[in-house]
Amino acid sequence: MAYIVALDQGTTSSRAILFNEKGSILGIQQKEFPQYFPHSGWVEHDPQEIWNTQFEVFKALLKVSEISPEDITAIGITNQRETTVVWDRRTGEPVYKAIVWQDKRTSDYCEQLKSDGHEAIIRSKTGLVIDSYFSGTKIHWMLENVKGARELAEAGHLCFGTIDTWLVWRLTKGEVHATDYTNASRTMMYNIVENRWDEELLKMLNVPASMLPEAHPSSYHFGDFDYEGVKIPIMGIAGDQQAALFGQACFEPGDAKNTYGTGCFMLMNTGNQCEISKSGLLTTMACSVGDELTYALEGSIFIAGAAIQWLRDALRVIDDASDSEYFATQVDTNDVYLVPAFAGLGAPYWDQYSRGAIFGLTRDTGKNHIIKAALQSIAYQTRDVKSAMEQDSGIALNTLMVDGGATANDYLMQFQSDILGTEVDRPEITESTALGAAYLAGLTAGVWTLEEIKKVRKTERKFTPNISKSERDKLYKNWQKAVERTFNWSKEE
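Residues numbered from 1 in each chain as written. Predicted model: local features only at pLDDT ≥ 70, side-chain atom pairs only at ≥ 80, totals over all residues. Heavy atoms only, no water.

A. Molecular detail of the packing of helix H10 (residues 305-315) against helix H12 (residues 367-393). H12 packs onto H10 with a crossing angle of 165° between their chain directions and a minimal axis gap of 8 Å. Comparing the axis directions of H10 and H12 gives the class roughly antiparallel. Remark: the crossing between H10 and H12 carries right-handed chirality. For the pair formed by H10 and H12, the contact residues are Gly305, Ile308 and Leu311 on the first element and Ile370, Ile371, Ala374, Leu375 and Ile378 on the second. Residue composition of the contact of H10 with H12, by class: 7 nonpolar, 1 polar and no charged. (Axes fitted to C-alpha atoms, helices over the stretch in contact; angles between N-to-C directions. Helix = DSSP H or I, 4+ residues; strand = E, 2+ residues; numbered from the N terminus. Parallel < 35°, antiparallel > 145°, perpendicular 65-115°, else oblique. Left-handed = near helix turned anticlockwise from the far one by under 90°. Contact = heavy atoms within 4.5 Å. Nonpolar A, V, L, I, M, F, W, Y, C, P; charged D, E, K, R; others polar.)

Here it is, written out as structure tokens:
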């Protein structure tokens with residue numbers, strides 16, 4: 001029996017998941033870690049806490065599952081993307097906390113890059129828009145604002161990495177400084193057309209090339225984790241959303257999935273065609289197996305499940321995220337709209353100055369209306385992205401593959417189908433992100449072939465639309481009106 005461990009390092013927790021050669025889950029261990037908010041719009045993690053929690057859940061998984069290190073065929077890594085770590089290669093110590101993908105501190109610098117006329121060149125080379133979301137401006141901020149960092153970087157002493165790179169560095173005890181194409185493509189420094197770090201972009205951001213990791217295909221032997229004297233090969237890496245696309249077996253052009261997590265991310269496989277979006281989407285590198293590159297269109301929604309966490313932790317109107325389904329079904333009307341632009345708006349709007357708002361409040365509005373509106377906002381934002389994706393690709397989506405924690409909410413999935421006018425397909429295994437990392441590692445190790453992976457995926461339930469087109473269009477039109485009114489809210493005149 002072959003065992004694959006997926007290390008799933010997310011925005012709020014680190015997880016380790018054990019898979020067998022049939023792609024079945026045999027065990028899961030998870031541990032949350034602190035979020036730091038030192039200033040308004042700033043979001044940080046402690047890289048050491050990320051490493052510690054990831055190592056702890058790995059150890060716990062082996063213990064609870066009663067397997068030894070020798071039993072593990074390979075490790076696959078999937079990670080929160082864009083979150084940026086810079087550390088001293090001599091000591092392994094971070095020079096600053098990790099700046100999280102949600103962080104907005106570089107918004108003004110992004111505006112400067114736009115006004116300096118760099119938007120077109122960045123778009124054509126990276127497939128990305130200029131936004132504080134991506135890693136490049138975060139590195140720039142550290143080099144400019146952390147005392148001594150610029151000098152250390154120029155002397156060749158600093159390493160940059162997204163979280164996958166940081167984990168590989170720690171797992172291999174500093175022997176390997178590497179990433180995969182999917183994570184590299186999210187840095188705003190990687191030329192996805194020529195598949196290399198781009199000197200012009202590095203010069204623009206003033207980032208020394210010596211800081212950068214080597215980039216490899218997602219299915220690749222990245223190095224070995226020496227655990228208790230046993231060398232366990234690390235054989236797959238992918239950013240969480242590309243891993244989920246792979247885990248859903250979306251291997252053909254036109255295949256699409258949506259992952260419902262802290263944010264919400266919809267990707268469509270476009271094959272070996274690097275198509276630059278004209279509708280506010282991103283072009284990104286999908287998981288590559290071997291020498292042939294694969295691309296995808298992506299719509300990034302910053303706040304999805306995080307809106308439900310906000311209801312629980314900040315407003316305290318629910319005790320558990322799963323309670324949202326019950327309360328949403330206690331309201332018959334759809335008059336309240338919540339736009340969760342807590343970290344600005346992502347695709348297809350890309351307004352980093354938008355802020356959250358609730359519209360349609362009346363005297364009889366209660367907590368149930370707001371809970372329902374928060375759930376619906378996830379579905380409405382997905383409709384925004386689907387419309388842009390169809391416009392770019394010329395492909396009408398008849399079925400949307402879904403995964404992630406919020407897919408357990410039947411109300412949300414039904415409303416998602418209603419507002420899209422599209423079938424929503426929920427798989428038996430909704431851990432598509434970790435499954436994708438496991439598949440990539442298993443492919444490298446020879447456990448699976450692509451054809452075998454396709455046969456593994458099974459549907460648990462399909463949701464089909466049950467409202468009329470006129471009702472769907474009316475609801476969506478009001479959503480668009482609400483979104484428009486949040487634009488540029490925090491921008492100083």
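B. A look at the packing of aromatic side chains. For the structure shown, the criterion picks out 28 aromatic pairs. Linked through ring pairs, Trp101, Tyr133, Phe134, Phe265, Phe302 and Trp350 together constitute an aromatic cluster. Between Arg105 and the ring centre of Trp42, over which it is positioned, the NZ or CZ distance is 3.8 Å. The residue whose ring lies beneath Arg383 is Tyr476, and the NZ or CZ to ring-centre distance is 4.0 Å. (Phe/Tyr/Trp six-rings, centres within 6.5 Å; stacked < 30°, edge-to-face > 60°. Lys NZ or Arg CZ within 6 Å of the ring centre and 35° of its normal.)

C. Structural detail: the sheet that holds strand E1 (residues 3-9). Taken in spatial order, the 6 strands line up as E3-E2-E1-E5-E14-E13 in an open sheet, and their pairing is mixed. Each end of this open sheet is capped by a strand with a single partner; those strands are strand E3 (25-32) and strand E13 (219-227). Direction aside, the axes of adjacent strands within the sheet are offset by 25° on average. Bridge analysis of strand E5 (residues 72-79) against strand E14 (residues 230-239) gives 5 bridges, and the strand direction is parallel. Bridging across to E14, Asn79 finds its partner in Gly239. Set on the sheet, helix H1 (residues 47-65) makes contact with E1, strand E2 (13-20), E3, E5, E13 and E14; between it and E2 the angle comes to about 35°. On the sheet, helix H9 (residues 240-247) packs against E5 and E14 and is oriented at approximately 95° with respect to E14. (Pairing = 2+ DSSP bridges.)

D. Structural context of the sheet that holds strand E22 (residues 423-427). Taking strand neighbours across the sheet as the criterion, the 7 strands line up as E17-E18-E16-E15-E21-E22-E23 in an open arrangement whose pairing is mixed. Strands with a single pairing partner mark the edges of an open sheet, and in this sheet they are strand E17 (282-285) and strand E23 (459-463). When strand polarity is set aside, the average angle formed by the axes of neighbouring strands in this sheet is 30°. Here 7 bridges tie strand E16 (residues 264-271) to strand E18 (residues 295-301), and the two strands are oriented antiparallel to one another. Note on E18: the bridge partner recorded for Phe265 is Ser300.

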